[in-house]
Amino acid sequence: MKITGTFVQPLCGGDIPVMNWREEEWDKEFFLMKTIGIDTVILLRQALGKWLAYKSDTLIRVEKAYEPSYDYMEMFLNLCRKHEMTFFVPTYTPVHDWLSASYVPEKEFEFLKPLVDEIWERYGGHKAFGGWYMAQEISRKEAFRVIELLQRIGPYCKQISGGLPVLMSPGMQGPKGLISTLYPPACRKKMAVTFDEHREEWDWMLGELKGCVDIIAFQDGHVEFDDLETFQKINVELCRKHGMECWSNIESFDRDIQNPKFPPIGWEKLRFKLLSAERAGHDKFITYEFTPFLSPNGCYPSAQYLYKRYCEHIGMDNRKN
Amino acid sequence: MKITGTFVQPLCGGDIPVMNWREEEWDKEFFLMKTIGIDTVILLRQALGKWLAYKSDTLIRVEKAYEPSYDYMEMFLNLCRKHEMTFFVPTYTPVHDWLSASYVPEKEFEFLKPLVDEIWERYGGHKAFGGWYMAQEISRKEAFRVIELLQRIGPYCKQISGGLPVLMSPGMQGPKGLISTLYPPACRKKMAVTFDEHREEWDWMLGELKGCVDIIAFQDGHVEFDDLETFQKINVELCRKHGMECWSNIESFDRDIQNPKFPPIGWEKLRFKLLSAERAGHDKFITYEFTPFLSPNGCYPSAQYLYKRYCEHIGMDNRKN
Amino acid sequence: MKITGTFVQPLCGGDIPVMNWREEEWDKEFFLMKTIGIDTVILLRQALGKWLAYKSDTLIRVEKAYEPSYDYMEMFLNLCRKHEMTFFVPTYTPVHDWLSASYVPEKEFEFLKPLVDEIWERYGGHKAFGGWYMAQEISRKEAFRVIELLQRIGPYCKQISGGLPVLMSPGMQGPKGLISTLYPPACRKKMAVTFDEHREEWDWMLGELKGCVDIIAFQDGHVEFDDLETFQKINVELCRKHGMECWSNIESFDRDIQNPKFPPIGWEKLRFKLLSAERAGHDKFITYEFTPFLSPNGCYPSAQYLYKRYCEHIGMDNRKN
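Note that this is a predicted model, so its numbers are computed, not measured.

Trainee: Any chance you could break down the overall build of chain A for me, citing the residues and the numbers?
Mentor: Across its full length, chain A carries eleven helices and ten strands. Dimensions of chain A along its principal axes, counting C-alpha atoms only, are 45 × 45 × 40 Å. Buried residues in chain A amount to 62% of all 321 residues. For chain A, the proportion of contacts with a sequence separation of at least 24, taken over those separated by at least 6, is 77%. For chain A, the exposed surface amounts to about 12100 Å²; the carbon and sulfur share of it is 51%. One way to put it: in chain A the 40 positive side-chain charges average out to a point 2 Å from where the 46 negative ones average out.

Trainee: Outline the interface of chain A and chain C, listing residues and values.
Mentor: Residue-level contacts link 21 residues of chain A with 26 residues of chain C. Roughly 1900 Å² is buried in total at the junction of chain A and chain C, and carbon and sulfur atoms are behind 52% of that figure. Among the residues of chain A in contact with chain C, N259, E268 and Y305 of chain A are the three that bury the most area, contributing 28% of the side total. On inspection of chain A and its partner chain C, the count reaches five salt bridges. As a salt-bridge pair, R22 of chain C and E268 of chain A come within 3.4 Å of each other at their nearest N and O atoms. At the junction of chain A with chain C, the criterion picks out twelve residue pairs in polar contact (both at pLDDT 80 or more). Elements represented by at least two residues in the side of chain A that touches chain C include exactly α8 (225-241), α9 (267-279) and α11 (303-313) of chain A. Taken together, the residues of the side of chain A that touches chain C break down into nine nonpolar, three polar and nine charged.

Trainee: Provide a residue-level description of the sheet that holds strand β1 (residues 3-8) of chain B, including the pertinent values.
Mentor: In sheet architecture, strand pairing relies on hydrogen bonds along the backbone and comes in two forms, parallel and antiparallel. Residues and elements named next belong to chain B. The strand order around the closed barrel formed by eight strands is β1-β2-β5-β6-β7-β8-β9-β10, and the pairing between neighbours is parallel. Sheet twist, expressed as the average angle between the axes of neighbouring strands with direction ignored, equals 30°. Note that strand β6 (residues 129-134) and strand β7 (residues 166-168) share three bridges and pair parallel. For W132, the partnering residue across the bridge sits in β7 and is V166.

Trainee: Give me the lowdown on the nonpolar core, citing residues and values where you can.
Mentor: Core analysis: the biggest nonpolar cluster contains 114 residues, and F30 and W132 of chain A have the highest contact counts within it. If we skip the residues at most four places from it in the chain, W132 of chain A touches F88, V89, V116, I119, W120, C157, I160, S161, L164, P165, V166 and L167 of chain A.

Trainee: Which residues make up the pattern of salt bridges, and what are the values?
Mentor: Two side chains that carry opposite charge are able to pair once their charged atoms sit near each other. Residue and element names in this part refer to chain B. By the definition in use, this model includes 75 salt bridges over all chains. Across the salt bridge formed by R309 and E312, the nearest N and O atoms sit 3.0 Å from each other. Of this pair, R309 and E312 both sit in helix α11 (residues 303-313), three residues apart, which is roughly one turn of the helix. What makes R309 buried here is its relative accessible area of 3%. Residue E312 is classed as partly exposed on the basis of its relative accessible area, which comes to 40%.

Trainee: Explain the side chain of K176 of chain A residue by residue, including any values.
Mentor: All names here are of chain A. Considering the arrangement of structural elements, one finds K176 in the loop between β7 (166-168) and α6 (185-191). Among the polar contacts listed, one links the side chain of K176 to the side chain of D256, at a separation of 2.8 Å. Once you skip the residues sitting within four places of it in the chain, K176 turns out to touch G221, H222, V223, E224, F225, R255 and D256.

Trainee: Which residues make up empty space enclosed by the protein, and what values go with them?
Mentor: Evaluated as defined, the whole model comprises twelve cavities of 30 Å³ or more. Each pocket or cavity is described by its volume, and for the largest cavity that value is around 710 Å³. Residue lining of the largest cavity: 41 residues in total, with P260 and Y300 of chain A, P260 and Y300 of chain B together with Y300 of chain C positioned closest to the centre. When grouped by side-chain class, the residues that make up the lining of the largest cavity number 31 nonpolar, four polar and six charged.

Trainee: If you had to explain the packing of helix α4 (residues 105-123) of chain B against helix α5 (residues 144-160) of chain B to someone new, which residues and values would you point to?
Mentor: Residues and elements named next belong to chain B. One way to put it is that α4 packs onto α5 with a least axis distance of 10 Å and a crossing angle of 25°. Relative to α5, α4 is oriented roughly parallel. Regarding α4 and α5, the two cross each other, and that crossing is right-handed. Along its contact with α4, which presents P105, E106, E108, F109, L112, K113, V116, D117 and W120, the element α5 presents R145, E148, L149, R152, I153, Y156, C157 and I160. Its residues assigned to classes, the contact of α4 with α5 comprises ten nonpolar, no polar and seven charged.

Trainee: How would you summarise the relation of the copies chain B and chain A if you had to cite specific residues and measurements?
Mentor: Between chain B and chain A, the superposition needs a rotation of 120° and an axial shift of 0.0 Å, giving an RMSD of 0.0 Å. What we have between these two chains is a three-fold relation. Closest to the rotation axis within chain B is the C-alpha of P260 of chain B, separated from it by 2.9 Å. Taken as a fraction of all interface residues of chain B, those also at the interface in chain A reach only 15%, which identifies the copy contact as different-surface.

Trainee: So what's going on with the packing of helix α9 (residues 267-280) of chain C against helix α11 (residues 303-313) of chain C? Residues and values would help.
Mentor: Residue and element names in this part refer to chain C. Two elements in contact, α9 and α11, have axes whose closest approach is 10 Å; the angle formed by their N-to-C orientations is 35°. Crossing handedness for the pair α9 and α11: right-handed. Every residue of α11 that contacts α9 at W267, L270, R271, L274 and L275 is listed here: L306, R309, Y310 and H313. Residues of the contact of α9 with α11, tallied by class, amount to six nonpolar, one polar and two charged.

Trainee: Let's hear about the packing of aromatic side chains: which residues, and what values?
Mentor: Inspection of every chain in the model, using the stated rule, returns 88 aromatic pairs over all chains. Aromatic side chains Y70 of chain C and Y72 of chain C sit 4.9 Å apart centroid to centroid with 70° between the ring planes, which places their arrangement in the edge-to-face category. Positioned over the ring face of W247 of chain A is K284 of chain A, at 5.4 Å from the centre of the ring. For K141 of chain C, the ring lying beneath its charged end belongs to W204 of chain C, and the centroid distance is 5.2 Å.

Trainee: Requested: an account of the sheet that holds strand β2 (residues 40-43) of chain A, with residues and values cited.
Mentor: Residues and elements named next belong to chain A. Here we have eight strands rolled up into a closed barrel, ordered β1-β2-β5-β6-β7-β8-β9-β10, and parallel in their pairing. Adjacent strand axes in the sheet meet at a mean angle of 30° when their direction is disregarded. Pairing analysis gives two bridges linking β7 to strand β8 (residues 215-219), with the strands arranged parallel. Pairing of M168 across the sheet is with I216, part of β8. Its contacts with the sheet place helix α3 (residues 72-82) against β1 (3-8), β2, β5 (86-90) and β6 (129-134), and it is angled at close to 160° to β5.

Trainee: Give me the lowdown on the relation of the copies chain A and chain C, citing residues and values where you can.
Mentor: Rotating chain A by 120° and moving it 0.0 Å along the rotation axis overlays it on chain C with an RMSD of 0.0 Å. Looking at the interface residues of chain A, only 14% of them are also at the interface in chain C, so each copy uses its own face.

Trainee: Give me the lowdown on unusual backbone geometry, citing residues and values where you can.
Mentor: Of note, the bond from N259 of chain B into P260 of chain B is cis; its omega dihedral lies within 30 degrees of zero at -5°. Residue position: P260 of chain B is located in the loop between β9 (245-249) and α9 (267-280). For K64 of chain A, which is not glycine, the phi dihedral falls at a positive 55°. Mapping K64 of chain A onto the fold places it in the loop between α2 (57-62) and α3. Although it is not a glycine, N20 of chain B sits at a positive phi angle of roughly 60°. Structurally, the position occupied by N20 of chain B is in the loop between β1 and α1 (23-35). Its relative accessible area of 6% is what places N20 of chain B among the buried residues.

Trainee: Just give me the short version of the pairing of β2 of chain A, but keep the residues and values in it.
Mentor: Residue and element names in this part refer to chain A. Burial along β2 is two-sided: T40 and I42 facing one way and V41 and L43 facing the other are all buried. Judged from the four bridges that link them, β1 and β2 form a sheet pairing that is parallel. Its bridge partner being in β2, V8 is matched across the sheet by L43. Handedness of the crossover is the feature at issue here: the chain leaves β1, passes through helix α1 (residues 23-35), returns alongside β2, and the resulting connection is right-handed. When β2 meets β5, the two strands line up parallel, connected through three bridges. Pairing of V41 across the sheet is with F87, part of β5.

Procedures and definitions
- Residues numbered from 1 in each chain as written.
- Chains lettered and ligands numbered in written order.
- Predicted model: local features only at pLDDT ≥ 70, side-chain atom pairs only at ≥ 80, totals over all residues.
- Heavy atoms only, no water.
- Helix = DSSP H or I, 4+ residues; strand = E, 2+ residues; numbered from the N terminus.
- Buried < 20%, exposed > 50% of the residue type's maximum accessible area, 1.4 Å probe, protein only.
- Contact = heavy atoms within 4.5 Å.
- Areas by Shrake-Rupley, 256 points an atom, 1.4 Å probe, with all protein chains shown as cover.
- Lys, Arg positive; Asp, Glu negative; His and termini not counted.
- Charge placed at Lys NZ, Arg CZ, Asp CG, Glu CD.
- Buried area = accessible area lost by both parts, 1.4 Å probe.
- Salt bridge = Lys/Arg side-chain N within 4 Å of Asp/Glu carboxyl O.
- Polar contact = N/O pair within 3.5 Å; in protein donor to acceptor, adjacent residues only side chain to side chain.
- Nonpolar A, V, L, I, M, F, W, Y, C, P; charged D, E, K, R; others polar.
- Pairing = 2+ DSSP bridges.
- Axes fitted to C-alpha atoms, helices over the stretch in contact; angles between N-to-C directions.
- Core = buried A, V, L, I, M, F, W, Y, C linked by side-chain atoms within 4.5 Å.
- 1 Å grid on protein atoms, 1.4 Å probe; cavity = no way out; pocket = protein on both sides within 12 Å on 5 of 7 lines; lining within 4 Å.
- Points joined across faces, edges and corners; volume = space filled by probe spheres on them.
- Parallel < 35°, antiparallel > 145°, perpendicular 65-115°, else oblique.
- Left-handed = near helix turned anticlockwise from the far one by under 90°.
- Least-squares fit on C-alpha atoms with pLDDT ≥ 70 in both.
- Phe/Tyr/Trp six-rings, centres within 6.5 Å; stacked < 30°, edge-to-face > 60°.
- Lys NZ or Arg CZ within 6 Å of the ring centre and 35° of its normal.
- Right-handed = clockwise from strand over helix to strand, strands pointing away.

Here is the structure:
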């Protein structure tokens, strides 16, 4: 099974370097992506702090965001049409403490609704506009207020767009998701979710999200390699039960390396996860993210060899590209 | 307005990777720099620990510094002449606690004076020798002893060199300058300088430095983007009041990213700072630093795209170079 | 004196990026290595966690290691034969607390013995199989239980292989080896080994290892540059006394830079260490590691210039390669 989808992120920040690409470079990249079988592109976020992926009058007004000099939303939609790919558009995700009482799903929905309207009004006519990506990355049941938000925003996105599918890509709370000064190594293992907790919590959450979210693509990087397949089988089983598609978000960066974080992943690890995800019965593979971790055009020189190994794995002679 | 000056740093250390370049590579780089409008080159430091940018007999004797195998001072001065650029030569900055009582400006001046003599004697005849760079990076009034040092060393540099201009590039104590284990996130905002404090302190400091320093080029990366223009307008206003030139040191690396620190900055951020600095009325833009952050020849593959975006911004077709 | 040996490490992990190379890329690299005088290649480890450099049935059974898709041991041995180099094969080093009472050398030996057997049985017929590398990186006498292990495993390796030489590459416990949250900067200097302690402890250790280990290649990166030559002279003197060869492991990455760790070293530092090691009278120089730190083919763009400087230093015109 091939990776047929990837996230893209043109904004600077977080722990992923920015490429500073525009249409000329992304066009070349989309051509390559299409060549190796990618048909689905998901924009990671529409805003990072005050930096915007498109000129959102709403965010400029409400969040005092900075007016961007470029419209990445338009560009990605055009490139997806040109290269015959489907584009998923993200919802806005302001930084909130989802566990705090001050986070009120009804208010959050009222805040996000005009942004959905703005996007659909401006970009809804694009042929490549193929779905919505709920950018909230939750991993445990304790974030139940986000579930309540998704129960509102998911159906609204579907309704306004004539039923386009809704995707989310949650984490699994493995020990690698708890690396921070808040969690000393000793307590990570203890805090990591067990198989049973994961199954029970996501059974409830997916039940709640039935009809609101169509596709679940769990990130595969937070749990131990030893535990991955078991978790993945639980995920597939739960998605089947609740009538959802189950994709795997096969991360192409290495979560085991924290300084510098994060380099392109070792090929054996990527191969391990590809085979594990296939055995577990996923419907589709996406990756976070082709550029810069798996692409020979990205900012990590070693990524060209990860790309070569991947091409050999899927039986494609990468030298013919 | 274009960036017309840049720092260079050929010594290994700190958080900036070393290129290990010599004349062949720097010549190529200076040619490119000249092509996009750079006419001013500032050497960041003459020594980093015991590693020297030129064979300073004084530092080898006094600091037991290591004898270098190469004379970067000579090389940069020659390349500046060849490419018709002006070169600023740094003063030595031993590591001291400027707030400690043991830091005595008079003694520090006596220590630095022979180094100024040594440099002028050896390199003063170079046509490209165009000014002095005071390498002490202060940001608050509490470092007043450095002011007292500059009151001695600045005039001495000018006097010995027939009045060459003296440049300094201080910080503004924004929250991004306080990222260290000493300052937990919660207290950074509180410790960050306010507009009024900054104005009041630098009004006093620039008053003290009148006649000692000719050009002030504040680093633009430590304050929040929201606050930048206000700070910059204060800086320009104060420089005008005290009869100094006001340059902006437009940092081309991203201070928002701490691991790995520091990658080339996102283009939208650089553009934001270029436009802000222009509106504030600066006399000249320099950057820290063309290589490796803004140059297609540097060690960050993504820098070539930052360079492309910058070339488009200044209306230069970078493909013709 | 040239660097004539290098470590290689094809497994992902730790703080060194993985290249994801296979035979095509390593063949090209070995050709270049041979061109600049490298005749000795040492595999750093046979396993990193559960990721293996060759399909070890023993480790797959005992450690539940993952079955690798590639045999790097076979590949390196073949490339060494092709390029007329000698290959050192590492022993397995499970992660243990060597200072804990639960670490029992006899038991460890019984655990490692079948792996030595497995390797010799499978790869012993290779012409390039030229020695054994004891992968335990000790630095102080307190790890005496490792000495007891080496007293068993070293002779066993020699005996099974008809007397092939045994190499180890210990650290010197300088302050740069103590950079971790466990050791705040203030206490590093205090905890660093003194010349006398180092001499006394290694005199005892090398005495214990006589006949068990043939070559000692101290890592040169943990001590201060000022102290390096004195330490190296002690090392050479002790090796002479105990009838061992003394190599220097001249690290080609920069230990002074911690974020991001570790970039290719500055040329002046590498030159300093090359000259110091030569004056101290070492028998041979190896490096950790040619790829990616010193190679123009690696993942650090700046490494090509370190390579250029090194080629100039050894009097080789690197443009002719």
